[in-house]
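Understanding the architecture of this molecule
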Amino acid sequence: MLKRLFIVLGLVIVVVLALGYQRFLRFQQLSYEKWTAQSQLMQTRQGPLEYQIKGKGEPILQFHGTPSSYRGNLNFPLYQPLFDDRFSLISVSRPGYLRTPLATGATPTQQADAFSELVSNLGYQQVVVVGISGGGPSALAFAHRHPEQCKALILIEALALPLPEDKRDSRYARLIRLALDHTYLAWLASPVLSQYFPNQGRQNEMELAFEEYLSLFPYFADGLQNDVRQFERLTPLAQPITRCPTLILHGLEDEVVGFDNATAVLAHIPNAKLVPFGGAGHELFYTQAGAISAYIADFVSPAVP
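One structure accompanies this document, and this report is about it.

The rules behind these values
Residues numbered from 1 in each chain as written. Predicted model: local features only at pLDDT ≥ 70, side-chain atom pairs only at ≥ 80, totals over all residues. Heavy atoms only, no water. Helix = DSSP H or I, 4+ residues; strand = E, 2+ residues; numbered from the N terminus. Rg over C-alpha atoms; globule rule 2.2 N^0.38 Å. Buried < 20%, exposed > 50% of the residue type's maximum accessible area, 1.4 Å probe, protein only. 1 Å grid on protein atoms, 1.4 Å probe; cavity = no way out; pocket = protein on both sides within 12 Å on 5 of 7 lines; lining within 4 Å. Points joined across faces, edges and corners; volume = space filled by probe spheres on them. Polar contact = N/O pair within 3.5 Å; in protein donor to acceptor, adjacent residues only side chain to side chain. Contact = heavy atoms within 4.5 Å. Core = buried A, V, L, I, M, F, W, Y, C linked by side-chain atoms within 4.5 Å. Pairing = 2+ DSSP bridges. Axes fitted to C-alpha atoms, helices over the stretch in contact; angles between N-to-C directions. Right-handed = clockwise from strand over helix to strand, strands pointing away.

Next up on the list: the overall build of the protein chain. Tallying secondary structure elements over the protein chain gives 11 helices and eight strands in all. Relative to the compact-globule value of 19 Å for 305 residues, the protein chain shows a C-alpha radius of gyration of 20 Å, a close match. Dimensions of the protein chain, computed from C-alpha atoms along their principal axes, come out at roughly 75 × 40 × 40 Å. Every one of the 305 residues in the protein chain was classed for burial, and the buried ones make up 54%.

This brings us to the layout of surface pockets. In this structure, the largest pocket spans a volume of roughly 1200 Å³. For the lining of the largest pocket, the elements supplying multiple residues, two or more each, are helix H4 (171–181), helix H5 (183–188), helix H7 (203–215) and helix H10 (284–287). Looking at the lining of the largest pocket element by element, the count peaks at six residues for H4.

Structurally, Ser 293 can be placed in helix H11 (residues 289–303). Residue class for Ser 293 comes out buried when judged on its relative accessible area of 15%. Looking at Ser 293, its side chain comes within polar contact range of the main-chain oxygen of Ala 289, at 2.9 Å. Discounting residues that sit within four places of it in the chain, Ser 293 has contacts with Tyr 79 and Leu 82.

With that out of the way, let us pick up the nonpolar core. In this structure, Ile 60, Leu 74, Ile 154, Ile 156, Ile 292 and Ile 296 are the most contacted members of the largest nonpolar core, which totals 46 residues. For this core, the element with the highest residue contribution is H11, accounting for six residues. In this structure Leu 74 touches Lys 54, Ile 60, Gln 62, Tyr 79, Leu 82, Phe 83, Leu 89, Val 130, Ile 132, Phe 285 and Ile 296, once residues within four positions along its chain are discounted. Counting 34 residues, the second largest nonpolar core, distinct from the first, contains Leu 118, Val 119, Ala 160 and Ala 272.

A few words on the environment of Glu 165. One can find Glu 165 in the loop between strand E6 (150–156) and H4. Taking the relative accessible area as the measure of exposure, Glu 165 reaches 65% and is therefore exposed. Taking C-alpha positions, Glu 165 is 8.3 Å from Glu 232, a pair spaced 67 residues apart along the chain.

A few words now on the sheet that holds strand E1 (residues 40–44). Spatially, eight strands are ordered E1-E2-E4-E3-E5-E6-E7-E8 in an open sheet, and the strand pairing comes out mixed. Only two strands of the sheet have a single neighbouring strand rather than two, namely E1 and strand E8 (273–277). Within this sheet the neighbouring strands show an average axis-to-axis angle of 25 degrees, counted without direction. Relative to strand E4 (residues 87–93), strand E2 (residues 47–55) is paired through six bridges, and the arrangement is antiparallel. Considered in E4, the bridge of Ile 53 is made with Ile 90. Along the sheet face, helix H2 (residues 108–121) touches E1, E2, strand E3 (58–63), E4 and strand E5 (127–132) and points at about 110 degrees away from the line of E1.

Moving on to helix H3 (residues 136–145). Counted residue by residue, H3 has eight buried out of 10 residues, so it is predominantly covered. Buried residues of H3: Gly 136, Pro 137, Ser 138, Ala 139, Leu 140, Ala 141, Phe 142 and Ala 143, and no others. Summarising the contacts, the buried residues of H3 are in contact with E3, H2, E5, E6, helix H8 (221–232) and helix H9 (260–268).

As a further point, take the pairing of strand E7 (residues 246–251). A regular strand carries its side chains on alternate faces of the sheet. Burial analysis of E7 places six of its six residues in the buried class, the great majority of the element. Residues Thr 246, Ile 248 and His 250 of E7 are buried on one face, and the alternating residues Leu 247, Leu 249 and Gly 251, pointing to the opposite face, are buried as well. Bridge analysis of E6 against E7 gives four bridges, and the strand direction is parallel. Bridge assignment links Ile 154 to a residue of E7, and that residue is Leu 247. Bridge count between E7 and E8: five bridges; the pairing is parallel. Across the sheet, residue Ile 248 finds its bridge partner in E8, namely Leu 274. As for the winding sense of the linkage, the β-α-β connection from E7 through H9 to E8 is right-handed.

Right, dumping it as structure tokens:
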């Protein structure tokens, strides 16, 4: 009797998971269609770049983290107030992510050069450059190689040093690999995971955006794998990296991108400003979205006449 009950229960679970998987595939397809419909492709000499521009005001060029796309980081609903009236966001999928092929530029310098051409083609003379987490090396390369286009530089939890061996198998790295290998299960867990985002009046929008983000992990695979290779090969920082106004925001307890990355950049950029967040780890970008938005707004406004 008990054996039969377990068999029936097992069959029910299989059916439920199968039906759920069909729903997931449909949601994934709709998410992909939505995200690609809201972006454009710009052909550069190195290859195509997927991008989106939103908002009005001083242009901010984003180098997103790992893994992500043009729809991530500052383009999440948590940061929408920044772009309601004061700033515009030029958000680009780095090579290997979503519709930007890896062939457009695997290395940070190649990505910086492709982004520079995009900025010129869009008609901007200068932009505020923001590098987040794994987007740090490319943002630093942009500021170093294209100083005439960099009005200010903002680094948030940004990687700058070669990724240490112990960080390559951190809990965060394992979770990312798990989400990539088992995207359906990660998508099922999104309602639970999204509860960790602060409620800033956009909770429903953020939950949907995060659910879409998790469903599209397979479209981030090339970029993620390339980023890991590049992070292991990073070369020593230039002296100085740039002379443009620079703001560094970093959590003191960041176990993914250690705080030594922030202090290393500080030592290589004259007059850079470092704001440490006590008790904050790599989740800083999401848990402290309001504070980060305020720091960005306050820093950029005086830097921009």
